[in-house]
Amino acid sequence: MEGGGGGGTTLSEIYQNSKKLLLRTRDGLERLERLEFSSSNPVDSPELSLAVKKDISQIQSLCVEMDHLWRSIAAKSLRDLWRRKVEQVAEEADSLKESLDKYFLRHQKRMTEAKERAELLGRANGDSAHVLRIFDEEAQAMQSARNSSMMLEEAYSKGVAILTKYADQRDRLKGAHRKALDVLNTVGLSNSVLKLIERRNRVDKWIKYTGMVVSVVILYTFWRWAH
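Residues numbered from 1 in each chain as written. Predicted model: local features only at pLDDT ≥ 70, side-chain atom pairs only at ≥ 80, totals over all residues. Heavy atoms only, no water.

## Some points on the overall build of the protein chain
Then, in step 1: Tallying secondary structure elements over the protein chain gives four helices and zero strands in all.
Then, in step 2: Mapped from its N terminus to its C terminus, the protein chain presents α and β elements in the order α-α-α-α.
Then, in step 3: Taking all 227 residues of the protein chain together, the buried fraction comes to 21%.
Then, in step 4: Split by element, the accessible area of the protein chain, about 16400 Å² in all, is 59% carbon and sulfur. (Helix = DSSP H or I, 4+ residues; strand = E, 2+ residues; numbered from the N terminus. Buried < 20%, exposed > 50% of the residue type's maximum accessible area, 1.4 Å probe, protein only. Areas by Shrake-Rupley, 256 points an atom, 1.4 Å probe, with all protein chains shown as cover.)

Okay, here's the thing in structure tokens:
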């Protein structure tokens, strides 16, 4: 909106300028309200609202100037006529200012609500990210536990297989030992040779048992590490 002006040097000219400004201000205010209520998403026009505000200020300034002029009129009837005219312009200007102030209050309320929604949405997104991060950490922990359990089961199975293999070997060694004793007794070898063979057998037993103990210790250590 282009600025109007007092420009007039007589009361009548100033009054005509004020009436023009009232029409322009009323039209601008109606345009602001149409933009505000035309859709579910209000549109603000800072340039238009500022122009309306400037026009109202200018009308009020003209009213002050006209108030001084009508008081200087000598004829009482004419003075009363201009007093009513100036008061009417001033009342219209006050009414327009009140409407504009309400518009600014609604605009400020919308801005505050939008800011609060944005902050709430930001907090909600932050909480969602925090919850998702917790679930992700829990899922990783559960997967790690499952992997450890599978590794432990695999190690246990290998340990059982090793112990079973040792047991089979022990049974075979016992059978071989008995056969060897039978053969040696048959061929008539001396007792010293038999004792040597038995000593060697005992050494083999100790080696076997040591291997079994070491396997159990390894399995227990791995189980403690996994938990």
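## Focus on the packing of aromatic side chains
Then, in step 1: Applying the stated criterion across every chain, the model contains two aromatic pairs.
Then, in step 2: A cation sits over an aromatic face here: Lys85 above Tyr15, 5.5 Å from the ring centre.
Then, in step 3: Its guanidinium or amino end placed over the ring of Trp82, Lys85 lies 4.6 Å from that ring's centre, counting from NZ or CZ. (Phe/Tyr/Trp six-rings, centres within 6.5 Å; stacked < 30°, edge-to-face > 60°. Lys NZ or Arg CZ within 6 Å of the ring centre and 35° of its normal.)

## Re the pattern of salt bridges
Then, in step 1: Within this structure, the stated rule accounts for nine salt bridges.
Then, in step 2: Here Arg71 and Asp67 are joined by a salt bridge, their closest N and O atoms 3.0 Å apart. One end of the pair is Arg71 and the other is Asp67, both in helix 2 (residues 46-71) and four residues apart, which spans about a single turn.
Then, in step 3: For Arg71, a relative accessible area of 53% translates into the label exposed.
Then, in step 4: Between Glu98 and Lys102 there is a salt bridge, with its nearest N and O atoms 3.8 Å apart. Placement of both Glu98 and Lys102 in helix 3 (residues 76-187) is noted, with a separation of four residues, approximately one turn of the helix.
Then, in step 5: Within this structure, Glu36, Arg106 and Arg110 form a network of salt bridges that share partners. (Salt bridge = Lys/Arg side-chain N within 4 Å of Asp/Glu carboxyl O.)

## Some words on the packing of helix 1 (residues 11-37) against helix 2
Then, in step 1: Interaxial distance between helix 1 and helix 2 falls to 9 Å at its minimum, and their mutual angle equals 155°. Here helix 2 runs roughly antiparallel to helix 1, going by the angle between their axes. Note that helix 1 runs across helix 2; the crossing there is left-handed.
Then, in step 2: Grouping the amino acids of the contact of helix 1 with helix 2 by side-chain chemistry returns 15 nonpolar, six polar and four charged. (Axes fitted to C-alpha atoms, helices over the stretch in contact; angles between N-to-C directions. Parallel < 35°, antiparallel > 145°, perpendicular 65-115°, else oblique. Left-handed = near helix turned anticlockwise from the far one by under 90°. Nonpolar A, V, L, I, M, F, W, Y, C, P; charged D, E, K, R; others polar.)

## A short note on helix 1
Then, in step 1: Look at helix 1: 39 Å from first C-alpha to last across 27 residues, which is about the 39 Å you get at 1.5 Å a residue.
Then, in step 2: Regarding helix 1, the residues found buried are Leu11, Ile14, Tyr15, Ser18, Leu21, Leu22, Thr25, Gly28, Leu29, Leu32 and Glu36. (Expected span 1.5 Å × (residues − 1).)

## Topic: the environment of Glu65
Then, in step 1: Within the secondary structure, Glu65 is located in helix 2.
Then, in step 2: Taking relative accessible area as the criterion, Glu65 reaches 36% and is therefore assigned partly exposed.
Then, in step 3: Distance from Glu65 to Leu11, taken between C-alpha atoms, is 8.6 Å for residues 54 residues apart in sequence.

## Comments concerning helix 2
Note that an α-helix has 3.6 residues per turn; residues three or four places apart therefore point the same way.
Then, in step 1: Taking 1.5 Å per residue, 26 residues should reach 38 Å; helix 2 reaches 38 Å between its end C-alpha atoms and fits that length.
Then, in step 2: Leu48, Ser49, Ala51, Val52, Asp55, Ile56, Gln58, Ile59, Leu62, Cys63, Met66 and Trp70 are the residues of helix 2 that are buried.

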